[in-house]
Amino acid sequence: MKVLVIGGGGREHAFAWKLLQSSRVQTVFIAPGNGGTALDPRLHNVDITDLAELAQFAAAQKVTLTVVGPETPLAAGVVDLFRSRGLRIFGPTRAAARLESSKDFAKAFMKRHGIPTAAYESFTDAAAAHAHVDKHGAPIVIKADGLAAGKGVVVAMSLDEAHQAIDWMLADDAAGNKLGVQHNDTPRVVIEEFLEGEEASFIVVCDGKHVLSLATSQDHKRLLDDDKGPNTGGMGAYSPAPVVTPNVHARVMQEIIMPTIHGMAREGETFTGFLYAGLMIDASGQPRTVEFNCRMGDPETQPILMRLKSDLFELLMHATDGTLDKVELEWDRRIALGVVMAAAGYPLSPRKGDEITGIAPEAPDAMVFHAGTTLDGNRLLTSGGRVLCVTVLGDSFKLAQQRAYEVVRGIRFDGAQYRGDIAHRAIRR
């Protein structure tokens, strides 16, 4: 079997790495891939980003299954395109992907279907948005309505920070749009109440009717230790997330996941693909939805797939056949922990072109997944904000943390940034 993975980040490297472990998979293409996938002789980078060309490529190569990693091609309708050409692809349609591509749509959807989330209002007018912030004060959460590669959310702890975020997110010029927001019909922000609690990532696989939950995880969004500094696309993650107790897990499925799947179906948009509910869990164990993503998270994918013992290809074939009810997943009982190494200047202005050395070869308990890397001859260089995700397995959170930083310390590139406290909440429990 041949498989195509769309994307070029750490999540897609992890998909490709895991799919190669299936006895039924002969070839894995990754479009466009990165320096790490180029270095792996078992993987085949494909320098195509145009969706129509990708569909032609998949048909010509007789690709059995296409897996979509990032949100941008989903929002652009890659699933609709592939299906219209009779190609098997796993992911939500363009309309269903609005749960991620439009924060305004997602919040209104949750309100319609009684899904617990923070109170909110949406604004296209900057003056009205600024007045709302002045009225409600800080802390307050400002979200771009459109996609922003995981950086379109600002948890503003001060009024100045909130006002700056509004100006950035509503800007429709390159100079003002510092977060790289891809606006939808018009620049819009969603302003939400600040929720207290602990965050967790809850990801499920959906085939349109059946839902199968993956291992829980927790991301670290802030750039600096102790959850300080600006929001990023994610500086590290671990699995499982102890805050998601069996009771919380049951509540999330009953109060958030299933109402979302049923609500989408009632509105005429059957949801297939990965559904990611970003959760805020308060001290009493009540989960509320911070956001929806319509794909696996990055960097959560890396530790989750390190723990997955089942065949990912078989799982996704069942998911595209509508037979997820026949699947039971097996998980490694160990802790998986991933530390992101980011480029100098990340998140606002990451530097490119720094040479990377010291990456250890894959080990049974450790794998370095590439994201923002490229090959220049024999030299591996930084080419994006989040460069690598060092991912390990360990018998405890502390041992996994120690092992991960042992690997991290062996890797060198100028200006490297990484947090030194990934999994601190789990270790302090």
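Participant: Could you give an account of the overall build of the protein, naming the residues involved and the relevant values?
Facilitator: Within the protein, the secondary structure is distributed over 14 helices and 22 strands. Taking 22 Å as the expected radius of gyration for a compact globule of 429 residues, we find that the protein reaches 20 Å, a close match to that expectation. By its C-alpha atoms, the protein is 60 × 50 × 45 Å across when sized along the principal axes. Taken across its 429 residues, the protein has 59% of its residues classed as buried. For the protein, restricting intrachain contacts to residue pairs at least 6 apart in sequence, the fraction spanning at least 24 positions comes to 69%. Carbon and sulfur atoms provide 48% of the accessible area of the protein, an area that totals close to 16,900 Å². In the protein, which carries 45 positive and 52 negative side-chain charges, the distance between the mean positions of the two groups comes to 3 Å.

Participant: Could you give an account of the pairing of strand S15 (residues 236-239), naming the residues involved and the relevant values?
Facilitator: Side chains Gly 236 and Tyr 238 of S15 all project onto a buried face; the interleaved residues Ala 237 and Ser 239 project onto the opposite face, where all are buried too. Here strand S12 (residues 218-219) runs beside S15; their pairing, made up of 2 bridges, is antiparallel. From the neighbouring strand, Asp 219 faces S15, where its bridge partner is Ala 237. Relative to strand S18 (residues 335-342), S15 runs antiparallel, the two being bridged by 4 bridges.

Participant: An account of the nonpolar core is requested, with residue identities and associated values reported.
Facilitator: Looking at soluble globular proteins, one finds that nonpolar side chains tend to be buried together. If you look at the biggest cluster of nonpolar residues, it comprises 39 residues, and the most contacted ones within it are Phe 274 and Leu 315. Looking at this core, the element that brings in the most residues is helix H12 (residues 312-321), giving 6 residues. Excluding anything up to four places from it in sequence, Phe 274 contacts Phe 15, Phe 90, Ile 203, Val 204, Val 205, Leu 214, Asn 293, Cys 294, Arg 295, Met 296 and Leu 316. Among the nonpolar cores identified, the runner-up in size contains 28 residues, and Ala 96, Val 244, Met 253 and Ile 256 belong to it.

Participant: Explain the pairing of S18 to me, using residue names and the numbers behind them.
Facilitator: Counted residue by residue, S18 has 8 buried out of 8 residues, so it is predominantly covered. Of the two faces of S18, the one carrying Ile 335, Leu 337, Val 339 and Met 341 and the one carrying Ala 336, Gly 338, Val 340 and Ala 342 are both buried. Sheet topology note: the S18/strand S22 (residues 386-394) ladder contains 8 bridges and is antiparallel. Residue pairing across strands places Gly 338 opposite Thr 391, the latter belonging to S22.

Participant: Which residues make up unusual backbone geometry, and what are the values?
Facilitator: Look at the link from Ala 31 to Pro 32: it is a cis peptide, with omega at 5°. As for its position among the elements, Pro 32 is in strand S2 (residues 27-32).

Participant: How would you sum up the packing of aromatic side chains? Please name residues and give values.
Facilitator: Working definition: an aromatic ring pair is given by the centre-to-centre distance plus the angle between the planes. For the coordinates displayed, the defined rule picks out 7 aromatic pairs. When the centroid spacing of 5.4 Å and the interplanar angle of 85° are considered together, the rings of Tyr 238 and Phe 397 count as edge-to-face. Of this pair, Tyr 238 sits in strand S15 while Phe 397 sits in helix H13 (residues 397-408); the two residues are 159 residues apart in sequence, bridging distant segments of the chain. As far as burial versus exposure is concerned, Tyr 238 and Phe 397 are alike and both buried. The interplanar angle of 35° and the centroid separation of 6.2 Å between the aromatic rings of Tyr 405 and Tyr 418 together place this pair among those described as tilted. In this pair, Tyr 405 is assigned in helix H13 and Tyr 418 in the loop between H13 and helix H14 (424-428), connecting sequence segments 13 residues apart. What makes Tyr 418 partly exposed here is its relative accessible area of 37%.

Reading the values: the criteria
Residues numbered from 1 in each chain as written. Predicted model: local features only at pLDDT ≥ 70, side-chain atom pairs only at ≥ 80, totals over all residues. Heavy atoms only, no water. Helix = DSSP H or I, 4+ residues; strand = E, 2+ residues; numbered from the N terminus. Rg over C-alpha atoms; globule rule 2.2 N^0.38 Å. Buried < 20%, exposed > 50% of the residue type's maximum accessible area, 1.4 Å probe, protein only. Contact = heavy atoms within 4.5 Å. Areas by Shrake-Rupley, 256 points an atom, 1.4 Å probe, with all protein chains shown as cover. Lys, Arg positive; Asp, Glu negative; His and termini not counted. Charge placed at Lys NZ, Arg CZ, Asp CG, Glu CD. Pairing = 2+ DSSP bridges. Core = buried A, V, L, I, M, F, W, Y, C linked by side-chain atoms within 4.5 Å. Phe/Tyr/Trp six-rings, centres within 6.5 Å; stacked < 30°, edge-to-face > 60°.

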